[in-house]
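Architecture at a glance
In case you want the letters, here they are:
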Amino acid sequence: MVPNRRTNRPQTRVIDSAIAAVKVLALSAVLIAQTTRPLGAANAPSTIAQGTKARAPKAQPARPKPFDPHDLNGIWSLNPRRQMAISENRPPMTAWGQAKFSKVRSSWTNSALGVKASPESEWNDPLYKCDPAGYPRTMQQIFGEILRFVQTPTEVLEFFEWDHTWRDIWTDGRKLHEDPEPRYYGYSVGRWDGDIFVVDSNGFNDRTWLDPWGDVHSNQMRLKETFRRVDRDHMEWTITLDDPMTYTQPWGPSDKRIFELVPKSPRSEYEELREDFCVWSDSAGFFKDADTIGVGDAPATGNK
Amino acid sequence: MKPKWASSFALVAGLVMAGGSVLAHHGAVGYDYSVPRKTLKGKVSQFTWQNPHTLLLLDVEDEKGVVVWTMELNNPGNLVELGWTHSSLRPGDEVTVTFNPAKSKPNGICVDVFFPNGRKLHSSQGCVQGNLKSFDELRQLDK
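Report follows, based on the coordinates. (Residues numbered from 1 in each chain as written. Chains lettered and ligands numbered in written order. Predicted model: local features only at pLDDT ≥ 70, side-chain atom pairs only at ≥ 80, totals over all residues. Heavy atoms only, no water.)

So, about the overall build of chain A. Scanning chain A from N- to C-terminus turns up three helices and 11 strands. Ordered by position in the sequence, the α and β elements of chain A form the string β-β-α-β-α-β-β-β-β-β-β-β-β-α. Classification of the 304 residues of chain A by burial places 46% in the buried group. Within chain A, counting contacts between residues at least 6 apart in sequence, those at least 24 apart form 58% of the total. (Helix = DSSP H or I, 4+ residues; strand = E, 2+ residues; numbered from the N terminus. Buried < 20%, exposed > 50% of the residue type's maximum accessible area, 1.4 Å probe, protein only. Contact = heavy atoms within 4.5 Å.)

According to the stated counting rule, one finds 11 aromatic pairs over all chains in the structure shown. Residues Trp237(A) and Phe259(A) carry aromatic rings whose centres are separated by 6.1 Å and whose planes lie at 80° to one another, so their mutual orientation is edge-to-face. Taken together, the residues span a long stretch of sequence, with Trp237(A) in strand β10 (residues 234-242) and Phe259(A) in strand β11 (residues 257-262) at a distance of 22 residues. Phe259(A) shares its class with Trp237(A); the two are buried. Taken together, Tyr135(A), Phe160(A) and Tyr185(A) form an aromatic cluster joined through their ring pairs. Over the ring of Tyr135(A) we find Arg167(A), and its NZ or CZ is 3.8 Å from the ring centre. Of note, Arg119(B) hangs over the ring of Phe115(B), and the distance from its end group to the ring centre comes to 5.6 Å. (Phe/Tyr/Trp six-rings, centres within 6.5 Å; stacked < 30°, edge-to-face > 60°. Lys NZ or Arg CZ within 6 Å of the ring centre and 35° of its normal.)

All names here are of chain B. A cluster of acidic side chains, namely Glu-61, Asp-62, Glu-63 and Glu-94, defines a negative patch on the protein surface. In this fold, Asp-62 is placed in strand β2 (residues 55-62). For Asp-62, a relative accessible area of 33% puts it in the partly exposed group. (Patch = residues over 30% accessible without salt bridge, like charges linked within 9 Å, V, L, I, M, F, W, Y side chains within 5 Å. Areas by Shrake-Rupley, 256 points an atom, 1.4 Å probe, with all protein chains shown as cover. Salt bridge = Lys/Arg side-chain N within 4 Å of Asp/Glu carboxyl O. Lys, Arg positive; Asp, Glu negative; His and termini not counted. Charge placed at Lys NZ, Arg CZ, Asp CG, Glu CD.)

Attention now goes to the sheet that holds strand β5 (residues 155-160) of chain A. All names here are of chain A. Strands sit in the order β3-β4-β5-β6-β7-β8-β9-β10-β11 around a closed barrel of nine strands; the barrel is mixed. For this sheet, the mean angle separating the axes of adjacent strands, direction not counted, is 30°. Here nine bridges tie strand β9 (residues 222-231) to β10, and the two strands are oriented antiparallel to one another. Bridging across to β10, Glu-225 finds its partner in Ile-239. (Pairing = 2+ DSSP bridges. Axes fitted to C-alpha atoms, helices over the stretch in contact; angles between N-to-C directions.)

All names here are of chain A. Here the residue pair Asn-79 and Pro-80 is connected by a cis peptide bond, since its omega of -5° sits within 30 degrees of zero. Relative to the assigned elements, Pro-80 resides in the loop between β3 (74-78) and α2 (95-101). A cis amide bond, omega 5°, links Gly-252 with the succeeding residue Pro-253. Mapped onto the elements, Pro-253 comes out in the loop between β10 and β11. Although it is not a glycine, Glu-145 sits at a positive phi angle of roughly 60°. With respect to the helices and strands, Glu-145 occurs in the loop between α2 and β4 (146-151).

Take the side chain of His53(B) next. The residue His53(B) is located in the loop between β1 (38-48) and β2 in this model. Reaching out from His53(B), the side chain makes a polar contact with the backbone oxygen of Leu73(B) at a distance of 3.2 Å. (Polar contact = N/O pair within 3.5 Å; in protein donor to acceptor, adjacent residues only side chain to side chain.)

What follows covers the state of the cysteines. On inspection of all chains with the given rule, the structure shows two disulfides over all chains. Note that Cys130(A) is cross-linked by a disulfide to Cys278(A), the S-S spacing being 1.9 Å. For the disulfide bridge between Cys130(A) and Cys278(A), the dihedral angle about the S-S bond is near -60°, and by the sign convention the bridge is left-handed. Of this pair, Cys130(A) sits in the loop between α2 and β4 while Cys278(A) sits in the loop between β11 and α3 (280-289), placing them 148 residues apart in sequence. One exposure class covers both Cys130(A) and Cys278(A), and it is buried. The disulfide that involves Cys110(B) links it to Cys127(B), with 2.0 Å between the sulfurs. Linking Cys110(B) and Cys127(B), the disulfide has an S-S dihedral of approximately 95° and is accordingly described as right-handed. Within this pair, whereas Cys110(B) is found in strand β5 (residues 107-114), its partner Cys127(B) is found in the loop between β6 (120-122) and α4 (135-140), the two being separated by 17 residues in sequence. Each of the two residues, Cys110(B) as well as Cys127(B), counts as buried. (Disulfide = S-S within 2.5 Å.)

Moving on to the environment of Ser87(A). All names here are of chain A. Checked against the element boundaries, Ser-87 lands in the loop between β3 and α2. For the pair Ser-87 and Leu-113, spaced 26 residues apart in sequence, the C-alpha separation works out to 9.1 Å. In this view, Ser-87 contacts Leu-113 and Trp-251; residues no more than four positions away in its chain are not counted. A distance of 3.1 Å separates a polar atom in the side chain of Ser-87 from the backbone nitrogen of Asn-89.

The next point concerns the pattern of salt bridges. This model, assessed by the stated rule, comprises 18 salt bridges over all chains. A cluster of three or more residues bridged by salt bridges with shared partners is formed by Glu161(A), Arg267(A), Arg274(A) and Asp276(A).

What follows is the structure, given as structure tokens:
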């Protein structure tokens, strides 16, 4: 339930949405009235400045579009979409973390993270076996980074286009599990801190990479994220990782990643998120029949 | 000094499903970007709209008969961003394609498709520029 700020009494989300819609319509009407000028007014000479050159009308600053910072509903696409790690200031790894990281055979190079692309025959990125991307990789991988938030009275559902999957972010006050079942997308709870939606997560299995370069984690990983809608069309996201089994210090917070509100996913033909599955039978057949060298995709903007 | 475009090429989607055991059973084709791009006219026999990469199979007639050329395109999500849809091509369509050819097989990459009405669709899969000789060289570039 969303608390009513004035009375502290819970209201249903439907009523809140209706009230917000009426406010938007009312505000829009005011904005239209304020920015509409009589025809010819812009060219009318000033009576005060008679005999002098009429001054051009002062440009009106663009008025911000109204929005509710507690409304995260919609499809959001990272802008620009790009390969990311939490940051390039990765903290030192523990011996356990080093041993796990030493087994990574990445298909990309990132010298700041100490990663050099391996020969293709050695690649062992779990995505290449159609394993789930998991969290946070789905938010740091270029074909991911497209999500849909749907808010209900008890949770925020975060749908991810890649793998056509989701995670539940519970907002009903429950706590994280003490001994959670390990999952690819973990277990999450969320709360509002002013206009910032803070998400705490645990319960991750250790089978995923954090990013395209193979940074590793354990099942003790905990994440803290912030989502902040800064205007109608933009939302900032940050992430901090705390995994004492893998890293000697917390990693993060990341810089603010900007998501843009979009009418539909840029990768989908329709308004729904794309059904973007990795299907092993298709992948195995692709390598068998097409016999490529396994190149990745060049930027979607093309190289004409 | 790394050219400006290099960083953008590093920002690519690695949708290659390279299970080691699968790759061990066939050799790599390899694409040589040092040879000129090739242009062919053919009839679409198959347009497979799926991950990891959409495939366009073209029946191309030459003096010996019909050769099936396989064009490796982006994954469907990337193609949508480039203006394609799942029905952009259908079996029987007559098109002209320009691409970088593979060294020893009738395969192509970095494909432009030209329709009889003048329309063009581009697949950026495997496109490289500058002095790079192969996509492997691109992967070695630092992010």
